[in-house]
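A look at the structure
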Amino acid sequence: MTLDELNRLTQDDAAASLRGCCGCGWWAEQLAAARPYGDPATLHDVADAIFDVMAEAHWQEAFAAHPKIGETKSAKMRDAGNRQWSADEQAGTADADDAARDELAALNAEYFERFGYIFIVCATGLSADRMLADLRRRLRHDPRTEAEIAAAEQRKITHLRLDKLLADGG
């Protein structure tokens, strides 16, 4: 889809398309309501401005829209409009051996138990070993620090997906 096509969508259709980029309905509605956008840079700037005022519940909603790292057959991967994007982003786990997959599953569970949401990382271009190292390191953070890091990772993912939406129509 082009930016012009996004600008011409109904509010509901624009919000639905944008939700695939972030997973938070409120964020998508705000971004859709701020149209029209003259260029992609402005779209990204407004996306960031909306991120800056998101409540914790909004971040939690965005986090919950993601499948766990390494989990390629989850309901979220089957049902989400961003199924292909998630699979592409997590491609680094596709060739992971059983030991790495088992460790990812165990550490994902530990992370969720500790922080109350799944491990969020901008996985594009990362190997399974790199994601495991990040997961091990981030498990040592206090909850506030980790929430800030997870939100920053969500921003990165969302910006990549905004570009993908405009490049291939989602």
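Everything discussed here concerns the structure shown above.
What you see is a predicted model, and the numbers here were worked out from it, not measured in a lab.

**Some points on the side chain of Asn-108**
- Within the secondary structure, Asn-108 sits in helix H8 (residues 98–115).
- Among the polar contacts listed, one links the side chain of Asn-108 to the backbone oxygen of Ile-69, at a separation of 3.0 Å.
- In contact with Asn-108, other than residues within four places in its own chain, are Lys-68, Ile-69, Phe-119 and Leu-135.

**A few points about unusual backbone geometry**
- At the junction of Arg-35 and Pro-36, the peptide bond is cis and its omega measures out at 10 degrees in the coordinates.
- Relative to the helices and strands, Pro-36 is located in the loop between helix H3 (25–33) and helix H4 (40–52).

**Structural notes on the packing of H8 against helix H9 (residues 128–138)**
- Taken N-terminus to C-terminus, the directions of H8 and H9 make an angle of 30 degrees; their axes are 10 Å apart at the nearest point. Taken together, the axes of H8 and H9 lie roughly parallel to each other. In the packing of H8 onto H9, the handedness of the crossing is left-handed. Residue-level inspection shows Ala-100, Glu-103, Leu-104, Leu-107, Asn-108, Tyr-111 and Phe-115 of H8 in contact with H9, the latter providing Leu-132, Leu-135, Arg-136 and Arg-138.
- Residues that form the contact of H8 with H9 fall into these classes: seven nonpolar, one polar and three charged.

Rules behind the numbers
Residues numbered from 1 in each chain as written. Predicted model: local features only at pLDDT ≥ 70, side-chain atom pairs only at ≥ 80, totals over all residues. Heavy atoms only, no water. Helix = DSSP H or I, 4+ residues; strand = E, 2+ residues; numbered from the N terminus. Polar contact = N/O pair within 3.5 Å; in protein donor to acceptor, adjacent residues only side chain to side chain. Contact = heavy atoms within 4.5 Å. Axes fitted to C-alpha atoms, helices over the stretch in contact; angles between N-to-C directions. Parallel < 35°, antiparallel > 145°, perpendicular 65-115°, else oblique. Left-handed = near helix turned anticlockwise from the far one by under 90°. Nonpolar A, V, L, I, M, F, W, Y, C, P; charged D, E, K, R; others polar.

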